[in-house]
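These are the residues of each chain, in order.
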Amino acid sequence: MFGLEPHVLLLLLACLVAACAFEFVNGFHDTANAVATVIYTNALRPWVAVVWSGFWNFIGVLTGGIAVAMGIVYLLPVESLVDQNVYHGIAMVGALIIAAIIWNVGTWYYGLPSSSSHALIGSILGVGIAFSLLPDSHNAAINWSKAGETMASLLISPIFGFSLTIIMMFLLKRFVANKGIFKEPHKRKPPPIWIRLILIATCTLVSFFHGSNDGQKGVGLIMLILIGIVPVHFALNQKLNPLDMRDSLNKVETVMGKINPAGLSQADSQLLADIRTQTNSLDQIFAGKTDVKQLPESARFEIRKAILLLNNRAKKLTSSDKLPLSTVDRTTFEQGITEMRAFTDYAPWQVSFMVALSLGIGTMVGWQRIVKTIGERIGKEHLTYAQGASSELIAAAMIGVNTQFGLPVSTTHVLSSAIAGSMVANRGIKNLNPQMVRNIALAWVLTLPVTMFLSGALFLLFRAVL
């Protein structure tokens, strides 16, 4: 299989199983985010709620696209992603998966709504930083631009969740005549049919968007594994013929040929030279090839590397206001780059299905601990119908918006902050449970540094051993 030695194939399978285990843990860790409100308001029975949530998580993964997945993949630049030693790829993916799972299981055990997104991203950053400490490292090991976008999304989303839920609760109090929705639910009596339908709808939305966002992180994780360990087979989209890329490459070369480097700044002139170097390397790979069978398999990763380096340089160069290009030329250039990225930005359907199945099944297991935290312990009062509906509606909206922009978001922190906002809207800041809020905040603050340290230490250990 893939032409790998038996022990390397075994390690690859172990990494894939570990990635599925991460998504399984993510499922039961994050289930509470969707089902807590419908369970605590008696809108759905627990077993019905978790099965329903699992189903919509599954659908969300399959229909969520790959924008967030590629954001995860490109946190680690391709220059540092792979070298000729397959064991280095195994060290990388093994370290980040194990670190993320350790943190996820630990916080789940203590009933803390910690973020799987933070754990995975912290683990990736830890590996990148550890790589940069190696004596033979010559390249940047983290895409800090992408990391900045990711961290901004993870930081801002909970703040918006908290604030918008307060506004939503205010609007409900102002315009909803039925004040029963602001009272504690009856322990055995389901809510009125209209609020019950709203709660089920918001549970469905959070489940679906959780799958579409968090599921993509799992897809990105598996693609990191496949590209890192089997780059020859997964560097490029197998459904596309690399030779078809030549038309797109010609668009880029034609536009770049119109630029006179003498009129550019030193930095822009260097970027132009780098772009021409990458296009020339692709030209050499494609030269004289009339059939894809003439293209060596080993050239696929070189093509991927050239495309991604070309894309990075192109972004920097075209952002310059002094670049002498017409609107038509800029459009042609960007179109050529986008068409070439179709060869690198992909995920096989089997990967999405694996993640969807792992996340969906995990959603149906182990949900009780964190459901109790969300339903009872964030505030000093039992969750009301209005609080449940407004919190989940805002959380679903925030997750959906971030998914559309290809940004990872913490479902856990968005919903937890939204519920905290609903508690504040009901009786003020004194309505929050300070000890539980402190524990959640502590888990939020510690997740990144702990997972970064864990994954970095494991990576250096594995590199020393393998």
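This is a predicted model, so every value here is computed, not measured. Sequence order sets the numbering: in each chain, residues are counted from 1 along the sequence as written. Local features in this predicted model are restricted to residues whose pLDDT is 70 or higher, and side-chain atom pairs enter the listing and the counts only when it is 80 or higher, whereas totals over whole chains, interfaces and linings include all residues. Side-chain measures here rest on the full set of heavy atoms in the structure, leaving out hydrogens and waters.

### Notes on the overall build of the protein chain
Right, so step 1: The helix count covers DSSP runs of H or I at least four residues long, the strand count covers runs of E at least two residues long, and both are numbered beginning at the N terminus. Per the secondary structure count, the protein chain includes 18 helices and zero strands.
Right, so step 2: A burial count over the protein chain gives 56% of its 466 residues as buried.
Right, so step 3: Note on definitions: a residue-residue contact is assigned when non-hydrogen atoms from the two residues lie within 4.5 Å. Counting contacts in the protein chain only where the partners sit at least 6 residues apart, residues at least 24 apart contribute 88% of the total.
Right, so step 4: Residue-level accessible areas treat just the shown protein chains as cover; the underlying method is Shrake-Rupley with a 1.4 Å probe. Carbon together with sulfur atoms contributes 65% to the accessible area of the protein chain, which is approximately 20,000 Å² in total. Categorising residues by exposure relies on relative accessible area from a 1.4 Å probe, with only protein chains included: less than 20% of the type maximum marks a residue as buried, more than 50% marks it as exposed, and the intermediate range marks it as partly exposed.

### Looking at the UniProt feature "transmembrane region" (unreviewed entry) in the protein chain
Right, so step 1: According to UniProt, the "transmembrane region" (unreviewed entry) feature falls on residues 55-76, 88-110, 117-134, 154-172, 193-212, 218-236 and 440-462.
Right, so step 2: Measuring from the first to the last C-alpha atom of residues 117-134 gives 26 Å, for a span that is 89% helix and 0% strand.
Right, so step 3: Between the C-alpha atoms that bound residues 154-172 there is a distance of 28 Å. The span itself is 100% helix and 0% strand. UniProt positions are given in the numbering used here, feature names are shortened, and annotations may be inferred rather than shown by experiment.

### With respect to helix α8 (residues 193-229)
Right, so step 1: In this analysis, the expected span of each helix is defined as 1.5 Å times one less than the number of residues it contains. For α8, built from 37 residues, the straight-helix expectation of 54 Å at 1.5 Å per residue is met to within 8% by its first-to-last C-alpha distance of 53 Å.
Right, so step 2: Bending is quantified residue by residue as the angle between axes fitted to the seven-residue window ending at that residue and the seven-residue window starting at it. G211 marks the point of greatest bend in α8, at about 25°.
Right, so step 3: Within α8, 28 of the 37 residues are buried, leaving the element largely enclosed by the surrounding structure.

### Side note on the pattern of salt bridges
Right, so step 1: Any carboxyl oxygen of Asp or Glu that lies within 4 Å of a side-chain nitrogen of Lys or Arg is treated as forming a salt bridge with it. According to the stated counting rule, one finds five salt bridges in the structure shown.
Right, so step 2: Where K217 meets D214, a salt bridge forms, and the shortest distance between an N and an O atom there is 2.8 Å. With K217 and D214 both in helix α8, this residue pair falls three residues apart, about one helical turn. Each of the two residues, K217 as well as D214, counts as buried.
Right, so step 3: One salt bridge in this structure joins K251 and E339, with 3.0 Å as the shortest N-O distance. Placement of the pair is K251 in helix α10 (residues 246-257) and E339 in helix α13 (residues 327-341), with a sequence separation of 88 residues.
Right, so step 4: The class for K251 is partly exposed, based on a relative accessible area of 24%.

### Some thoughts on the packing of α10 against α13
Right, so step 1: Only the contacting stretch of a helix is used when fitting its axis, a line to C-alpha atoms as for every element, and angles between N-to-C directions run 0 to 180 degrees. Running from N to C, α10 and α13 cross one another at 145°; their axes reach a closest spacing of 8 Å. Like other packed secondary-structure pairs, α10 and α13 cross with a definite hand, here left-handed. Touching S248, L249, K251, V252, V255 and M256 of α10 are D329, T332, F333, Q335, G336, I337, E339 and M340, all from α13. Definitions for this section: a left-handed crossing has its near helix turned counterclockwise from the far helix by less than a right angle. A right-handed crossing has that turn clockwise.

### Side note on the nonpolar core
Right, so step 1: One finds M223, I225 and F459 to be the most contacted residues of the largest nonpolar core, which totals 58 residues.
Right, so step 2: Sorting the residues of this core by element identifies α1 (6-40), α3 (67-73), α5 (86-109), α6 (116-132), α7 (144-175), α8, α14 (349-363) and α18 (434-465) as the ones contributing at least two each.
Right, so step 3: At eleven residues, α5 tops the list of elements feeding residues into this core.
Right, so step 4: If we ignore the near neighbours within four places in the chain, the residues touching I225 are L12, C15, L16, A19, V93, I97 and V230.
Right, so step 5: Residues A43, F182, L415 and A420 belong to the second largest nonpolar core, which totals 35 residues. Joining through side-chain atoms within 4.5 Å is the link that ties buried Ala, Val, Leu, Ile, Met, Phe, Trp, Tyr and Cys residues into a set, and such a set is a nonpolar core.

### A short note on the packing of aromatic side chains
Think of a pair of aromatic rings as described by two things: how far the centres are apart, and how the planes are tilted against each other in angle.
Right, so step 1: Stacked, edge-to-face and tilted labels apply to pairs of Phe, Tyr and Trp rings (six-membered ring for Trp) whose centres lie within 6.5 Å, assigned for plane angles under 30 degrees, over 60, and everything in between, in that order. This model, assessed by the stated rule, comprises five aromatic pairs.
Right, so step 2: With a centroid separation of 5.3 Å and an interplanar angle of 80°, the aromatic rings of F55 and W56 are classed as edge-to-face.
Right, so step 3: Between W349 and F353, the ring centres sit 6.4 Å apart and the planes meet at 65°, which makes this aromatic pair edge-to-face. Here the residue W349 and the residue F353 both occupy positions in helix α14, the gap between them amounting to four residues, near one helical turn.
Right, so step 4: Assessed through its relative accessible area of 36%, F353 is described here as partly exposed.
Right, so step 5: Of the aromatic side chains, those joined through ring pairs into one cluster are W52, F55 and W56.
Right, so step 6: Directly above the ring of F175 sits R174, whose terminal nitrogen or CZ lies 5.3 Å from the centroid. Both a distance and an angle decide whether a charge sits over a ring: NZ of Lys or CZ of Arg must be within 6 Å of the ring centre and within 35 degrees of the ring normal.

### Observations regarding helix α2 (residues 46-63)
Right, so step 1: Over its 18 residues, α2 extends 26 Å from the first C-alpha to the last, a length consistent with the 26 Å expected when each residue adds 1.5 Å.
Right, so step 2: Buried within α2 are the following residues: A49, V50, S53, G54, N57, G60 and V61. Down the axis, α2 shows its buried residues gathered within 130° of arc, on one side only. Away from the buried face of α2 by more than 90 degrees, exposed residues W47 and T63 are located.
Right, so step 3: In the segment just after α2, G65 is the residue with positive phi, at about 80°. This arc describes the spread of directions from the helix axis toward the C-beta atoms.

### Digging into a nonpolar patch on the surface
Right, so step 1: Judged by side-chain polarity, W47, V51, L62, W349, F353, L357, I361, M364 and V365 come together as a nonpolar surface patch covering roughly 880 Å² of accessible area.
Right, so step 2: Among the secondary structure elements, those contributing two or more residues to the nonpolar patch are α2 and α14.
Right, so step 3: No other element matches the four residues that α14 contributes to the nonpolar patch.
Right, so step 4: Classification of V51 by relative accessible area gives partly exposed; the value is 40%. The residues that make up patches have over 30% relative accessible area and no salt bridge, and they are joined within 9 Å when like-charged or within 5 Å when they are Val, Leu, Ile, Met, Phe, Trp or Tyr.

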